[in-house]
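# Notes for the structure review
Spelled out from the first residue to the last, the chains are:
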Amino acid sequence: MYTSDVVVTGLGATTPLGGDVASTWAAMLAGESGISAIEEEWAAELPVRIAGRLKTEPGEVLDRVQARRMDRCEQIALVAAREAWADAGRPEVDPERLAVVIGTGTGGVLTLLAQDDVLETSGVRRVSPHTVPMLMANGPAAWVSIELGARGGAHTPVSACASGAEAIAMGLDLIRLGRADVVVAGGAEACVHPLPLAGFAQAKAHSTRNDAPRRASRPFDADRDGFVIGEGAAVVVLERADRAAARAARAHATLAGAGVTSDAHHITASHADGQVRAMRLALAAAGLAPQAVEHVHAHATSTPMGDLVEARSITEAIGSHPAVTATKSMTGHLFGAAGAVGALAAILAVRDGVIPATQNLENPDPEVKLDVVTGGPRRGPLRAALTNSFGFGGHNASLVFTPAP
């Protein structure tokens, strides 16, 4: 069963730029940075001592007792979902027709590592009884489904840095296939910890500009030297367009199409073919020609090879005409939440007719043949925006947004 168009009626977020959607968007348009030095003692000997950390602590929003039983990843998923649900007007929906899809790359890794330390240093009796529900990757989706009473399924794509975008693509499918009327979808990630930082540093994937945190993430710049780890969450409420119209709900944008592919190529290296196919599938699902896409929110993590592969893929799949931006220059790379934050930026760009500028692009890579927005926001109506998310393991997801009906 293939139903009506799908619109976005709710938005929620907590990021290194702000504790909600409004503050995050305002900071993006202002070109602010959420990346800073890690001042804690545990980072002193690490080769990487910078990260994009949350602007607002989730403990300031959640009930204290509830928060203690949740991993940080679960906490921020719930914070973003609550905002999105409220923004959507808390739609009345049959619980069995309400689904949740929250993606993550590492899930409750902070709990896993912390409780392993407890086990090693203090013994089994000191391990928290909440350890398993705190570390499981499906925890964010489960907590959101409990909060909202969603009984139409609670799903968890774990597709590295494409997880958040895949979650939104799955939400689109659930509605279009007639399996749900409303879907709460997005991504959450919280893994700023010595082990991930050390691992990415050893892999030469993370920037080592410890003396200049705000200038470290520089997508498409010739002097880029890796991404900056970040934490955060973004969630959208997806709804059948006819249902949203019947309840006079405001729609931020239309989710017109999605494309999901896999490279089957390499566990960490991107492949242009999979990226191109994802973009083309998204356009085909939206019924749009490449010329209709006027804006691309690039995955662009600031790695030397990754940015170049994506730039070539965009040119091949869509062309060199769209205005391109890369907001990871401000937030850092939020891994499993990155695709959801990218979707948020693309939705708002379409809704408001304004594209945030890429920061730190001081020495453009001559191999990048794209119209990258720099200097300040670019304003004007947009017919369609496409956002990319690519992850280790060869996961590729592209989403297409158009103006609300």
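This write-up is about the structure you can find in this document. (Residues numbered from 1 in each chain as written. Predicted model: local features only at pLDDT ≥ 70, side-chain atom pairs only at ≥ 80, totals over all residues. Heavy atoms only, no water.)

## Looking at the overall build of the protein chain
Along its length, the protein chain carries 13 helices and 15 strands. The principal-axis extents of the C-alpha atoms in the protein chain amount to approximately 60 × 55 × 40 Å. Taking all 405 residues of the protein chain together, 59% fall into the buried category. Distance between charge centroids for the protein chain: 2 Å, based on 34 positive and 43 negative side chains. (Helix = DSSP H or I, 4+ residues; strand = E, 2+ residues; numbered from the N terminus. Buried < 20%, exposed > 50% of the residue type's maximum accessible area, 1.4 Å probe, protein only. Lys, Arg positive; Asp, Glu negative; His and termini not counted. Charge placed at Lys NZ, Arg CZ, Asp CG, Glu CD.)

## A short note on the nonpolar core
Leu11, Ile168, Val183, Leu238, Leu399 and Phe401 are the most contacted members of the largest nonpolar core, which totals 51 residues. Take this core: its biggest share by element is ten residues, from helix 13 (residues 338–352). With residues near it in sequence (within four places) discarded, leucine 11 still touches Val21, Glu83, Ala84, Asp87, Val235, Val236, His252, Leu344, Ile347, Leu348 and Arg351. Core analysis: the next-biggest nonpolar cluster, separate from the first, contains 30 residues, Ala84, Leu98, Ile102 and Ala190 among them. (Core = buried A, V, L, I, M, F, W, Y, C linked by side-chain atoms within 4.5 Å. Contact = heavy atoms within 4.5 Å.)

## Some remarks on the packing of aromatic side chains
What describes a pair of aromatic rings is the distance from one ring centre to the other and the angle between the planes of the rings. Under the counting rule described, the total for this entry stands at three aromatic pairs. Judged by centre distance (5.2 Å) and plane angle (35°), the ring pair of phenylalanine 200 and phenylalanine 335 falls under tilted. Highlighted residues: phenylalanine 200 in helix 8 (residues 194–202) and phenylalanine 335 in the loop between helix 12 (328–331) and helix 13, separated in sequence by 135 residues. Each member of the pair, phenylalanine 200 as well as phenylalanine 335, is classed as buried. With 5.6 Å between their ring centres and 85° between their planes, phenylalanine 227 and phenylalanine 335 make a pair best called edge-to-face. (Phe/Tyr/Trp six-rings, centres within 6.5 Å; stacked < 30°, edge-to-face > 60°.)

## Some words on the pairing of strand 6 (residues 182–189)
The buried count for strand 6 comes to eight of eight residues, which makes it a mostly enclosed element. Taking every second residue as pointing to the same face, both faces of strand 6 are buried, with Val182, Val184, Gly186 and Ala188 on one and Val183, Ala185, Gly187 and Glu189 on the other. As paired elements, strand 4 (residues 98–103) and strand 6 share six bridges and run parallel to each other. Bridge pairing links leucine 98 to valine 182 in strand 6. (Pairing = 2+ DSSP bridges.)

## Some details on the sheet that holds strand 14 (residues 385–391)
Taken in spatial order, the eleven strands of this open sheet run 5-4-6-7-1-8-15-14-9-10-12, and their pairing is mixed. One side of each edge strand has no neighbouring strand; the edge strands of this open sheet are strand 5 (154–155) and strand 12 (371–372). Where strand 10 (residues 323–325) lies against strand 12, two bridges are found, and the strand directions are parallel. In the strand pairing of strand 12, alanine 323 is matched with aspartate 371.

## So, the pairing of strand 1 (residues 6–14)
In terms of residue burial, strand 1 counts as a mostly covered element, since nine of its nine residues are buried. With eight bridges connecting them, strand 1 and strand 7 (residues 232–240) associate as antiparallel partners. Counterpart to glycine 10 in the pairing with strand 7 is valine 237. In terms of strand pairing, strand 1 meets strand 8 (residues 253–262) through two bridges, oriented antiparallel. Residue pairing for strand 8: valine 7 is matched across the bridge by threonine 254.

## Describing the packing of helix 7 (residues 163–176) against helix 13
Where helix 7 contacts helix 13, the two axes come as close as 4 Å, and the packing angle between them is 65°. In terms of orientation, helix 7 and helix 13 fall into the roughly perpendicular class. Residue-level contacts link Gly164, Ala165 and Ile168 of helix 7 to Gly339, Ala340 and Ala343 of helix 13. Partitioned by chemical class, the residues of the contact of helix 7 with helix 13 number four nonpolar, two polar and no charged. (Axes fitted to C-alpha atoms, helices over the stretch in contact; angles between N-to-C directions. Parallel < 35°, antiparallel > 145°, perpendicular 65-115°, else oblique. Nonpolar A, V, L, I, M, F, W, Y, C, P; charged D, E, K, R; others polar.)

## Notes on the pattern of salt bridges
Inspection of every chain in the model, using the stated rule, returns 22 salt bridges. Ionic pairing is found between arginine 97 and aspartate 181, a salt bridge with its closest N-O pair at 2.9 Å. Taken together, the residues arginine 97 in the loop between helix 3 (72–87) and strand 4 and aspartate 181 in the loop between helix 7 and strand 6 connect sequence positions 84 residues apart. Residue arginine 97 is classed as partly exposed on the basis of its relative accessible area of 24%. Note that glutamate 362 and arginine 218 form a salt bridge whose closest N and O atoms lie 2.8 Å from each other. (Salt bridge = Lys/Arg side-chain N within 4 Å of Asp/Glu carboxyl O.)

## Quick look at the side chain of aspartate 71
Tracing the sequence through the fold places aspartate 71 in the loop between helix 2 (64–68) and helix 3. Within the buried set, aspartate 71 has no salt-bridge partner at all; the shortest N-O distance to an opposite charge, 7.7 Å, is to arginine 72. Reaching out from aspartate 71, the side chain makes a polar contact with the side chain of threonine 111 at a distance of 2.7 Å. Excluding residues that lie within four positions of it along the chain, aspartate 71 makes contacts with Gly107, Gly108, Leu110, Thr111 and Met134. (Polar contact = N/O pair within 3.5 Å; in protein donor to acceptor, adjacent residues only side chain to side chain.)

## Regarding unusual backbone geometry
Of note in the backbone geometry, alanine 248 takes a positive phi value of approximately 55° without being a glycine. Residue position: alanine 248 is located in the loop between helix 9 (241–246) and strand 8. Positive phi values are uncommon outside glycine, yet alanine 264 reaches one of about 50°. Structurally, alanine 264 is set in the loop between strand 8 and helix 10 (272–286).

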